[in-house]
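Below, each chain spelled out in residue letters.
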Amino acid sequence: MREYSIRTAADGDLDAARAVMLDAVYHDFGTGYVPHWHADIIDPAAYYLRPPRHTLLVAVDGTDGAVVATAALDARGPAHPPNPRWLAERYPSGETAQLRRVCVRPEHRRRGLAARLVAGLLDFAREDGGYRSVYLHTHPHSPGALGLWQSLGKIVCDERDDPGEPGRATADVVHFEIPLL
């Protein structure tokens, strides 16, 4: 059985972490790199390592030391647009811990890495003391995503079923709240 360690990413982990995240947006999400949505992937230090209330965790394979999974947290709530206005108001920046970039290489899935990474992010949010809620969104076609998030929290908006606001296109996105306690 393989062993993995979970740790806060360091500068030396960033190239490998970036590769894990980029592979996910190309292969799991099918969007490819979109600068407006994925700038944090290109410069994870600026988004997750430098800001004091943000973090990036990595899972490292004990066999070869490779970074095989990532998970990040920041204090930016969901933006409107592209998200519904009521969602951005419910989860304001500064008070919301947003989970991002929970990505696991396919050959390392089904080993509990995503759940361990998320547990680490929730510990970080609790220790911060300034967050009142934990929010994330996911794409339902991302392998394993819906099952993981449904086991940890509740759906607050499923845009596949939401008619949307006038003038705002809906997306294939499901929004979740995860208990902070």
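Residues numbered from 1 in each chain as written. Predicted model: local features only at pLDDT ≥ 70, side-chain atom pairs only at ≥ 80, totals over all residues. Heavy atoms only, no water.

### Notes on the sheet that holds strand β4 (residues 96-104)
Consideration 1: Taken in spatial order, the seven strands make up an open sheet running β1-β2-β3-β4-β5-β7-β6, and their pairing is mixed. Of all strands in the sheet, those with a lone pairing partner are β1 (4-8) and β6 (154-158), marking the two edges. Across the sheet, the axes of successive neighbouring strands diverge by a mean angle of 25°, strand direction being ignored.
Consideration 2: Against the sheet, helix α1 (residues 14-28) engages β2 (55-61), β3 (67-74) and β4, with an angle of about 85° to β3.
Consideration 3: Across the sheet, helix α6 (residues 145-152) lies against β4, β5 (133-138), β6 and β7 (174-178), angled at about 35° from β7, the strand it touches most. (Pairing = 2+ DSSP bridges. Helix = DSSP H or I, 4+ residues; strand = E, 2+ residues; numbered from the N terminus. Axes fitted to C-alpha atoms, helices over the stretch in contact; angles between N-to-C directions. Contact = heavy atoms within 4.5 Å.)

### Brief notes about the packing of α1 against helix α2 (residues 35-42)
Consideration 1: In the contact formed by α1 and α2, the axes pass within 9 Å of each other and the chain directions differ by 155°. Viewed along their axes, α1 and α2 adopt a mutual orientation that is roughly antiparallel. Taking contact as the criterion, the partners of R18, M21, L22 and V25 in α1 are, on α2, H38, I41 and I42.
Consideration 2: In terms of residue class, the contact of α1 with α2 is built from five nonpolar, one polar and one charged. (Parallel < 35°, antiparallel > 145°, perpendicular 65-115°, else oblique. Nonpolar A, V, L, I, M, F, W, Y, C, P; charged D, E, K, R; others polar.)

### Concerning α1
Consideration 1: An ideal rise of 1.5 Å per residue puts 21 Å on 15 residues; α1 measures up with 20 Å between its terminal C-alpha atoms.
Consideration 2: Inspection of α1 places L14, A17, R18, V20, M21, A24, V25 and D28 among the buried residues, and these make up the whole buried set. Projected onto a plane normal to the axis of α1, the buried residues spread over an arc of 160° and lie on a single side. Exposed side of α1, more than 90 degrees from the buried face: D15 and H27 are the residues found there.
Consideration 3: Its buried side turned inward, α1 meets α2, α3 (44-49), β2, β3 and β4.
Consideration 4: Note on α1: the residue one or two positions beyond its end, G30, has a positive phi of about 75°. (Expected span 1.5 Å × (residues − 1). Buried < 20%, exposed > 50% of the residue type's maximum accessible area, 1.4 Å probe, protein only. Arc of directions from axis to C-beta.)

### Here we look at the nonpolar core
Consideration 1: Formed by 29 residues in total, the largest nonpolar core has its most connected members in L73, L99, Y131, V134, W149 and I178.
Consideration 2: For this core, the secondary-structure elements that each account for two or more residues are β2, β3, β4, α5 (113-128), β5, α6 and β7.
Consideration 3: Per-element tally for this core: the top contributor is α5, with seven residues.
Consideration 4: Core analysis: the second largest hydrophobic core is formed by 17 residues, L14, A24, V58 and V60 among them. (Core = buried A, V, L, I, M, F, W, Y, C linked by side-chain atoms within 4.5 Å.)

### Regarding the pairing of β7
Consideration 1: Across the five residues that make up β7, a large majority, four, are buried.
Consideration 2: Pairing of β5 with β7 involves five bridges; the strand directions are antiparallel. By the bridge assignment, T138 is partnered in β7 with V174.
Consideration 3: Two strands pair when backbone bridges link them, and β6 and β7 are joined in this way by four bridges, in the antiparallel orientation. From the neighbouring strand, I155 faces β7, where its bridge partner is F176.

### Here we look at α5
Consideration 1: In this model, α5 (16 residues) spans 23 Å end to end at C-alpha, consistent with the 22 Å of a helix rising 1.5 Å per residue.
Consideration 2: Listed in full, the buried residues belonging to α5 are L113, A114, L117, V118, L121, L122 and A125.
Consideration 3: Remark: G129 follows α5 within two positions and exhibits a positive phi of approximately 80°.

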